[in-house]
Every structure is written in C-alpha cells, then in structure tokens.
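# Topology and contacts: notes
The primary structure of each chain is shown beneath.
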Amino acid sequence: MFAAFLLCPLVAQDSLIEPSQTPRFTFGNFIIGWYLLVIFFRKKEVSLPALFLILILFLFYLISLSGWFWAFNRADLIYESQKIILAIGALVCLKDISTQFGHTVLQEIVLFILICTYLIFGLGFVMNQNLIDTLFGHKNLFCSFLFLGLPFALIGFKSLSLRFKIIHGLILAIGLTIIFLLQTRQVIVAIIVFTSFYFIVKRSFGWKKWQKIAVMSVFFGMMISIGSLLLSGSSKIQQNKFTASLIERFQLWDKTKALIHENPLVGVGTGNWQYNYSKFSVNNIEKASYYNTFFKRPHNDFLWVLSENGWIGLVIILVLVIGVGLKSLREIYQHKNESKLIILAASIGLMIIAFFSFPKERILHIVISVTYLAYLTEGWKVDLKKINWFPRGFIALNIVLLSVNVWIGIQRVKGEYYTNLAIEAQNNLQANASIEYGEKALSIWYTNDPSGTPIYSFIGWGYHQKTDLEALVEVNAKAFELSPFDYKVLSNYGYSLIRLGQMNRARLVLDEAYRINSNYEPTLLNQSVLAFNTGNYRAAMEWLKGIKGYEKKYPQNLERIQRHLIE
C-alpha cells in the first residue's frame, strides 16, 4: 500500500501533465479514508491526536476556504485547501498506528518508502530514465524528501542492535550520498542547521535553565535575522553575484512582498498566488520574460502562506509550529529523549527548506511532515470524557471530507488527462478535437492545467482555427476571469477583441499584457495589428520592429505596413 502510494505517478506518467501530484492526492485520500473508516467502526476507544493540533489545523483549513469569496481561481483554492484535510486525516491515522503498534512503526514505514525510493533511483540510473522527475517533480524536491526521511534512519542507527545499526546506517549513508551528489544547496544547508541544533541541544542537557534559554535565543535569533536580511534586502542582493536560481527567488520574493502589501490581512486566496504575482510585471525575471516560464509559487512557503492567507493564516501556522516546538523541547530536556531531539532538529531543517522551496505543496512531504507531528506529540493527552462523542464525530467528518477529496482527485486526474489530449490535438492542428477535449477537461474542480494555463485557452485556440469569433471572445473572456494577469491570456483576449472590432477594449487589454511582459512576441504582433487596423501605420511598424527577426517571420505584415506608409 505504501509502495503504491509512492509509485502511482509511474502509472500515470504518459497520460497526465504532472503525474507526481493528483494521483498521489487521490490515492492518499482513499487510503486514509479507508483506515479512518476502520477506526470509526472499531469497538476500541478512539484515540485522537492532541486537541490543540486538531483545532489549529482545522482553523487553518477554514481560513484557507474563506478565500472562496475573493480568489480568482476557486478550483485551485479548493484543491490546495483540501490538502489540509489530507494532513489532518493522516495525523489521526498515524496517531492510531503509533498507539496500536508503537511509535517505531512510524519510522519503519518511512524507511520502507525510502528503500523503495533508492531502488527506483538506481533503476532509473541503470535504464537511463529520469524516474525521479516523474515521482517528485524535481531533484530539489527529491532531496528534500530524502532529508525528511533520513532522521528516522538515524534514530534506528543510534538505538537498535548492531545488525539493525548496519541496515539503518546504510540507508543513512546512501541518502546523504545522493543529496551531496545532486548538490541541492538548500538541503545541504538544512543538514548543517539540523546538525548544529542537535549538538547544541545535546551539549546543553546539563546546563541551567537560563543558559538553555540564552543559547536557544541566540540560535533562533540568528536564523530569524539571516532570514529577515535575505527578505528585506532581496532587491539589493540580486545585483550581486549569486546563482541564477537564487536571483530568481529574490525577484519572486519582491513580487510576493508587493502582493502581501496589497492584501496583508487575508491574502489573495489559497492556490492563487500564481494568478496574482505577475500583476507587478515579470520583465525583470528572465525565465518568465524571455522563455515564458509560468511560476506557481514564490519558492518560499512562509511568504506563500502570508500572500495567500494573510497574517491571519501565517499566525495560525506559527502558533502551531512554536507551540509544538516549545513543548517538544521542554520534554526533550526533561527526559533527554534523543529520538525526539532528532525529529525536532529535522523539523528546524525543514524550515530552512521551506524558506527556499515549497514542501507544503507536495503530498509526500505533507505526509512525512505530519509523521513528524505524530512523533513529536506522542504521549500528549487530552481529556475528552465530557465530550465523548467528539472523537468519532470528528472522524466521521474527516471521512466525509476525505471522500470529497477522492472525488476532487478523480475529477482533476480526468481534467489533466483530457488537457493532455487537447494539447496533442493542438499540436496536430485538430481544432474540433481541441475544443472537445478542453470541454471534457473542465469542471468546477479543474479550470487550469498544472502550468497555470486556463483550459479555456485550449478551447479558444480551436475556435480561432475555426474562425468562430463570438465563441473565441467568449472563451478568452472566461480565461481572463480566471487569470487576469497572465500576459498570454491577455494577449489572446486582446487579439479576439480586435477580430470582433472592439478596438478600444483591445487596446486596454494589450497595453496591460505589454506592461506585464514587454518581450512576449504575440503581444507585440497583436499591438502591431491593432495599430494597423486603427490607421496608425507608424506605430504598427514600431511594434513589429520590436520582434526579433520580424522581416522573415512576418513578411506579409511588413509589406502591408510599408505599402500604407508609402501611400
């Protein structure tokens, strides 16, 4: 079952655009829902995680859903919000497994998934196939997943007999070797922070209380100061000599900070950063401006939560993190619990990864992070005698919401499948097929593909080929409603308005597209066409000259403009 959860993207890799997400979301919700159903009908007393965790996570879920009233894209808002329900369900299941079979089962589950991952990594290397991208999306996400799993190997290495020490030591060594071979800098920094925190705490076991407080204050003070320096000075830092990927992050952080400034309290809605950040222009982001790369997240989970859920959402998360962290640290000092110390140190390392990446989006990372929560909060008890209906009532609610998740997952898998067919039809110049598959892909649960492109854009391409102008304007207007700051969507919408003769409206739309990305060739061409159709032939020529190689690419446009200029 756990192997299937890990490997299910391989089954869907030829049919879906991003196989590492929706299949796991669907299958994960199904597994968790099935296990909760077993718990619900079991005669034994139901054991829930600490009420503090449940209430905080569920409150964050409600805050996340509240964005329904102002988000551009409600389908993505629902999908991303429902991942919180998956996390809550996973936490309940892991708590029950820990209670029934002992907490060591949790680490063995994670280690089993790690071993399967190593086998796949080796198989992909032998077959010369990039299975890692299929399973994890990117090498950075793969390495961060390894980082999250390796602490359980370290616990086994330190606490088990010699025979098992060797096995866990090998798992640890292989994982660290892969991380350093792939040179994922954020994970390497996380390992350094993990190691530092572990040895600082272990060294301070015998210290006085004020000394412990002082050393922890210095440690976290340094982390917060460095993070604040990077965030506050990102616009200046990017002028210095850094790697392209780090400069890109700084640029995205600047856009995100501007977005937060506009929506500080409640944010733009869960899953909707991607449809808002480009309103501040992407001209200074090379990949977006010249290579049309669409960014789905700011590569910083803290800024991501703050921009989408506002200060309300971030404070809720910080209450959870700080509350669990402080109580766990107190228990570690009281009982000198090295296993919990390792997991807490790994949690601190995870914060470093979250500062430069996006583990909160990934299903595997969510499940492992929840395993950390279950491990750290082991033994935390809550008195529910006065509300003895609550455990089974909460599980029943969770089962219902997980069932909804399975349905959402199925609809999104279906949507991705038909979107893939629509893209193939577009590549083969099949207008009717592109329209048909695009309409089949659409649902209330799925309106944009994993790259952020509205499905209406694929349908619009089909209507453009068929020269059905009214239908073209209608679907492009719907795409615009979903993604009003996507320069590609704006360019398509502006073109359809030109075709319909709505020149003033077209000018406003195309000017906005140009403001967001002044290097996008279709926008320059459409601006040229608009100027030509309104009789401004000099402007038409200037817009056309903005396109590199315009003489060879658009000779008919050039000839037509030159003829009118001569006349």
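Residues numbered from 1 in each chain as written. Predicted model: local features only at pLDDT ≥ 70, side-chain atom pairs only at ≥ 80, totals over all residues. Heavy atoms only, no water.

## Side note on the pattern of salt bridges
Under the definition given, this model contains 15 salt bridges. One salt bridge in this structure joins Glu331 and Lys340, with 2.7 Å as the shortest N-O distance. Look at Glu331 and you get buried, because its relative accessible area is 16%. The closest approach of N and O atoms between Arg362 and Glu361, which form a salt bridge, is 3.0 Å. Taken as a pair, Arg362 and Glu361 share a single burial class, namely buried. Each of Glu18, Arg297, Glu361 and Arg362 takes part in salt bridges that share partners, so that together they form one network. (Salt bridge = Lys/Arg side-chain N within 4 Å of Asp/Glu carboxyl O. Buried < 20%, exposed > 50% of the residue type's maximum accessible area, 1.4 Å probe, protein only.)

## A look at the nonpolar core
Leu36, Phe197 and Val201 are the most contacted members of the largest nonpolar core, which has 117 residues in total. With 14 residues, the top contributor of residues to this core is helix 4 (residues 74-101). In this structure Leu36 touches Gly89, Val92, Cys93, Ile395, Asn398, Ile399 and Leu402, once residues within four positions along its chain are discounted. Grouped together as the second largest cluster of nonpolar side chains are 28 residues, Val473, Leu497, Met503 and Val509 included. (Core = buried A, V, L, I, M, F, W, Y, C linked by side-chain atoms within 4.5 Å. Helix = DSSP H or I, 4+ residues; strand = E, 2+ residues; numbered from the N terminus. Contact = heavy atoms within 4.5 Å.)

## Examining unusual backbone geometry
With phi around 75°, Ser281 is a residue other than glycine that occupies positive phi space. Phi is positive for His299, which is not a glycine, with a value near 60°. Examined against the element boundaries, His299 turns out to sit in the loop between helix 13 (286-291) and helix 14 (301-335).

## Some points on a nonpolar patch on the surface
A cluster of nonpolar side chains, contributed by Phe69, Trp70, Leu265, Val266 and Ile312, occupies part of the molecular surface with about 510 Å² of accessible area. By secondary structure assignment, the location of Phe69 is in the loop between helix 3 (51-66) and helix 4. Note on Phe69: relative accessible area 70%, which makes it exposed. (Patch = residues over 30% accessible without salt bridge, like charges linked within 9 Å, V, L, I, M, F, W, Y side chains within 5 Å. Areas by Shrake-Rupley, 256 points an atom, 1.4 Å probe, with all protein chains shown as cover.)

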